[in-house]
Structures are given as C-alpha cells and as structure tokens.
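Remarks on the overall topology
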Amino acid sequence: NPLTATASGGTVIRLKGSRFINSKHLSVRFSVPYPDGSSEELLSRYVQFVSSNEVEVLVPPLENYVELVQSYGDDDVSQLGIRAYIIVANNGISYDSDSLVFRYTEGVIISDINPKVVPEGAEVIVHVCGASLARDTLCRFGGSIVVPARYINDNNIRCAFPHEKLSGILGRIDIEVSNNGVDFF
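A short tour of the structure in this document, coming up.

Definitions and limits used
- Residues numbered from 1 in each chain as written.
- Predicted model: local features only at pLDDT ≥ 70, side-chain atom pairs only at ≥ 80, totals over all residues.
- Heavy atoms only, no water.
- Helix = DSSP H or I, 4+ residues; strand = E, 2+ residues; numbered from the N terminus.
- Buried < 20%, exposed > 50% of the residue type's maximum accessible area, 1.4 Å probe, protein only.
- Contact = heavy atoms within 4.5 Å.
- Lys, Arg positive; Asp, Glu negative; His and termini not counted.
- Charge placed at Lys NZ, Arg CZ, Asp CG, Glu CD.
- Disulfide = S-S within 2.5 Å.
- Core = buried A, V, L, I, M, F, W, Y, C linked by side-chain atoms within 4.5 Å.
- Pairing = 2+ DSSP bridges.
- Axes fitted to C-alpha atoms, helices over the stretch in contact; angles between N-to-C directions.
- Arc of directions from axis to C-beta.

On to the overall build of the protein, then. Scanning the protein from terminus to terminus reveals two helices and 15 strands. A burial count over the protein gives 38% of its 185 residues as buried. Considering only residue pairs separated by 6 or more positions, the protein has 58% of its internal contacts joining residues 24 or more positions apart. If you average the places of the 15 positive and of the 22 negative side-chain charges in the protein, the two averages end up 5 Å apart.

This is how it looks when you write it as structure tokens:
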C-alpha cells in the first residue's frame, strides 16, 4: 500500500484503520496544506468499504502540484513530494481527527533505456534514464516481474534483467518503473 501517488491522481490505495462503517456516506478527503497556512480539501470520488478495518480509496488529482512545489521553494519538497493528510468520515460530515500522512509526487518519466536488445539468457543490467526517479524505484519486466532498482540519481537507475524468469520469451518485453510499487510508467 503506497503512501505516495502521482499528482495526476487515479491510484487506488487501501487504508487500514478501525471503526469504518459500510455506509453510502463513507468519505475520504485529502487535506493539502499550503505555505501560507491555508489548505485545499480534495474529496475522493471512489471510497469502497472493505471491512471495519479497511477501505479502498481513489486518490484525487492535485491539479496545482507544480505551482505548490515552486511556492514551497524547497529541494526536500521537490524530492519528497507535496504532503497531504488523509482523513476519513463515516457519515460524510464529521471527519476523524486522526489522519494519515500521504505524499503527492511527480510521475516517473522514462527518456531512454539501454540496452534495447538483450540476448536470450544473458545476465544484463538495464540502465534507465529519465526524471523523478526515487531511491525506492522498482522495475517491472513483461508486465509482471518486479525487481528493485539500483538508484544512481534522480535521473538514472539500473535494474537487473530477470533472464531466468523470462527465458524462452522472444520478442518485445516491456519495462516499466514505479516509485510506489503501484503506478508503473
């Protein structure tokens, strides 16, 4: 369950807690504090009761992400993302005072991958160049095989090609990367 998602929204996350009620009024908001002390309240459009200890929530988009990062003017904010607080209300009105810290981040951008061709059975390290790569970035090969990346910097990672799990597969194998284990690009 990621504590981050891209500012474009659309990621489904699971919140664990207690005393959730299966009600049509169950709602979740993301409270985004601004540098001036004000905040923006974003409501999730999808909240699904799973149990009294768990709900599924669609992360709403944070439309002004770039402007917020610039207004904070802090390298830590651009590295870690914009903080938000997730708050739940069983009745749609009275939001619990307990909150969960969440971070909106930029989506990963891939600009180049090398090598582009891997001989069958070869042990190869794939170099991925891009933007918004994080220390805990993951690589996914063929849509299902996930391996941890070796972080070089915000623009470069390396991933071991899982040749043993992809042996016998010929042709194109997609590679995707994710900073939260859910949103792959």
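Right, let's talk about the state of the cysteines for a bit. Counted according to the given criterion, the structure contains one disulfide. Cys 159 supplies the cysteine sulfur nearest to Cys 129, a cysteine that is in no disulfide, at a spacing of 11 Å. Under the relative-accessibility criterion, Cys 129 is labelled partly exposed at 22%.

Now for the nonpolar core. In this structure, Phe 30, Leu 62, Phe 102 and Tyr 104 are the most contacted members of the largest nonpolar core, which totals 23 residues. Elements with a minimum of two residues in this core: strand E2 (12-16), strand E3 (27-33), strand E6 (54-58), helix H1 (65-72), strand E7 (82-89) and strand E8 (100-105). Considering every element that reaches this core, the biggest residue donor is E7, with four residues. With residues near it in sequence (within four places) discarded, Phe 30 still touches Ile 13, Glu 40, Glu 41, Leu 42, Ser 44, Val 57, Val 59, Pro 60, Tyr 85, Ile 86, Phe 102 and Tyr 104. Among the nonpolar cores identified, the runner-up in size contains 18 residues, and Ala 122, Cys 139, Ile 145 and Ile 157 belong to it.

Moving on, we come to the sheet that holds strand E15 (residues 175-178). Ordered in space as E12-E11-E15, the three strands form an open sheet in which the pairing is antiparallel. Sheet topology places strand E12 (145-148) and E15 at the edges, where each strand pairs with a single neighbour. Across this sheet, the average inter-strand angle for adjacent strands is 25°, counted without regard to direction. As paired elements, strand E11 (residues 138-141) and E12 share four bridges and run antiparallel to each other. The partner of Cys 139 across the bridge, within E12, is Val 147.

The subject of this paragraph is H1. Of the residues making up H1, those classed as buried are Tyr 65, Leu 68 and Val 69. One side of H1 carries all its buried residues, which in axial view fall inside an arc of 100°. The positive-phi residue at the C-terminal boundary of H1 is Gly 73, with phi of around 55°.

Another aspect to go through is the sheet that holds E7. Spatial strand order, E1-E8-E7-E3-E4: five strands in an open sheet with mixed pairing. Of all strands in the sheet, those with a lone pairing partner are strand E1 (4-6) and strand E4 (39-43), marking the two edges. Averaged over all pairs of adjacent strands, the angle between strand axes in this sheet comes to 30°, irrespective of strand direction. Where E3 meets E7, five bridges bridge the pair, whose relative direction is antiparallel. Paired with Ser 27 across the strands is Ala 89, a residue of E7. Across the sheet, H1 lies against E3, E7 and E8, angled at about 120° from E7, the strand it touches most.

Bear in mind that shape data such as this cannot, by itself, settle questions of function.
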